[in-house]
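Here is what each chain is made of, one letter per residue.
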Amino acid sequence: MSTLVSQTAEAAASSRRIRDVRGFERVVAAAVLVVSGTCLTASRFLTPDGYQTREILDAIAANPDRQFGYALLTYLAGITMVPAFLAAARLARAQRPVLAMIAAGINLVTYLGGAMLAVVEVLYLAGAQLPAEQQGAAASLIDKFWSTGVVGFSGLLFTVGSLIGGVLMGLALRGRIPLLGWLAVAASQPLLFVQWAVLPANGTGLGLDVAARAVLALGFACCAYAVLRTSNDEWDVAPHQGRRN
């Protein structure tokens, strides 16, 4: 009788066992790291031509599918960038927990605070689909949108925050990924800053922009590889196998 009761208790405990999903978490983290960097790099090849708003609207009107692809890739990069930096921070925290936490916090504020910038891409697409005689008004509306204090602050926050956060995250990853990988993460944002602040949007500036995004994608790919090779115990603590509440 006692044996039967013991077996019944063990079966009940087994049925309440909490699944260990750390392996699945690592696979998802690696996928997010690859997707974010790839989408960010690919989107640059679909960036509409032009510098003035009306020039951009004319370019989009001539090829709206290109702008839709650009907006889609930018959106995918945006929603995966925060999880990607959090995954990189989790990878880095084993050796540099404080620096990893600071870098993750800065990037979290940066990319969430700069999310408003993605609205502009949709405005460009919508404005280009208006009749030609209304696109002048659409361009004025977009320029007015850019000039508002909230959008200006969002752009400044994104520019400065991504610069600082990217460098700190690269430094936090030292020893966790190869030298080329953490240097790529650390150098990508300064390269983007130089392209944005100094060089024109075409020619040399375009080449540096593409290179900077590809460098970040390379760094994230190194992180993804390291995440997949990390053991479950090193990635996170095991779930407690006690009674569920």
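As a reminder, the structure under discussion sits directly above these lines.
Residues numbered from 1 in each chain as written. Predicted model: local features only at pLDDT ≥ 70, side-chain atom pairs only at ≥ 80, totals over all residues. Heavy atoms only, no water.

Describing the overall build of the protein
Of the regular secondary structure elements, the protein holds 11 helices and zero strands. In sequence order, the secondary structure elements of the protein are arranged as α-α-α-α-α-α-α-α-α-α-α. A burial count over the protein gives 38% of its 245 residues as buried. Considering only contacts within the protein whose residues lie at least 6 apart along the sequence, 78% involve residues at least 24 apart. For the protein, the accessible surface area stands at approximately 13400 Å², while carbon and sulfur atoms represent 67% of it. (Helix = DSSP H or I, 4+ residues; strand = E, 2+ residues; numbered from the N terminus. Buried < 20%, exposed > 50% of the residue type's maximum accessible area, 1.4 Å probe, protein only. Contact = heavy atoms within 4.5 Å. Areas by Shrake-Rupley, 256 points an atom, 1.4 Å probe, with all protein chains shown as cover.)

What about the packing of helix H3 (residues 53-62) against helix H6 (residues 117-128)?
At their nearest, the axes of H3 and H6 sit 8 Å apart, and the two run at 65° to each other. The angle between the axes of H3 and H6 places the two elements in the roughly perpendicular class. Between H3 and H6 the crossing geometry is right-handed. For the pair H3 and H6, contact is made by Thr 53, Ile 56, Leu 57, Ile 60 and Ala 61 and by Tyr 124, Leu 125, Gly 127 and Ala 128, respectively. Split by residue class, the contact of H3 with H6 holds seven nonpolar, two polar and no charged. (Axes fitted to C-alpha atoms, helices over the stretch in contact; angles between N-to-C directions. Parallel < 35°, antiparallel > 145°, perpendicular 65-115°, else oblique. Left-handed = near helix turned anticlockwise from the far one by under 90°. Nonpolar A, V, L, I, M, F, W, Y, C, P; charged D, E, K, R; others polar.)

Considerations on the pattern of salt bridges
All told, the structure shown has nine salt bridges when counted by the stated rule. Arg 22 serves as the salt-bridge partner of Asp 20, at 2.6 Å between the closest nitrogen and oxygen. The class for Arg 22 is buried, based on a relative accessible area of 7%. Between Arg 90 and Asp 236 there is a salt bridge; the shortest N-O distance is 3.5 Å. Highlighted residues: Arg 90 in helix H4 (residues 64-92) and Asp 236 in the segment after helix H11 (232-235), separated in sequence by 146 residues. Overlapping salt bridges, with partners in common, bring together Glu 25, Arg 90, Arg 93 and Asp 236 in one network. (Salt bridge = Lys/Arg side-chain N within 4 Å of Asp/Glu carboxyl O.)

Re H4
Helix length check: H4, at 29 residues, gives a terminal C-alpha distance of 41 Å against a target of 42 Å (1.5 Å per residue), a fit within 8%. Of all the bends in H4, the greatest reaches close to 35° and is centred on Met 81; the proline Pro 83 follows between one and four positions later. (Expected span 1.5 Å × (residues − 1). Bend = angle between axes of the 7 residues up to and from the residue.)

What about the nonpolar core?
Leu 33, Leu 91, Met 169, Leu 173, Ile 177, Phe 220 and Cys 223 are the most contacted members of the largest nonpolar core, which has 36 residues in total. A total of 11 residues in this core trace back to one element, the largest contributor, which is H4. If we ignore the near neighbours within four places in the chain, the residues touching Leu 173 are Ala 88, Leu 91, Ala 92, Trp 182, Val 185 and Cys 223. Counting 10 residues, the second-largest nonpolar core is a separate cluster that includes Ile 56, Leu 57, Leu 125 and Ile 142. (Core = buried A, V, L, I, M, F, W, Y, C linked by side-chain atoms within 4.5 Å.)

Overview of helix H5 (residues 97-113)
Under the 1.5 Å per step criterion, the end-to-end length of H5 is 24 Å for 17 residues, consistent within 8% with the ideal 24 Å. Of all the residues in H5, the buried ones are Ala 100, Ala 103, Ala 104, Asn 107, Thr 110 and Tyr 111. When H5 is viewed along its axis, its buried side chains cluster within an angular range of 130° and face the same direction. For H5, the exposed residues lying more than 90 degrees away from the buried face are Val 98, Met 101 and Leu 112. Structurally, H5 contributes buried residues whose contacts are with H4, helix H8 (149-172) and helix H9 (179-197). (Arc of directions from axis to C-beta.)

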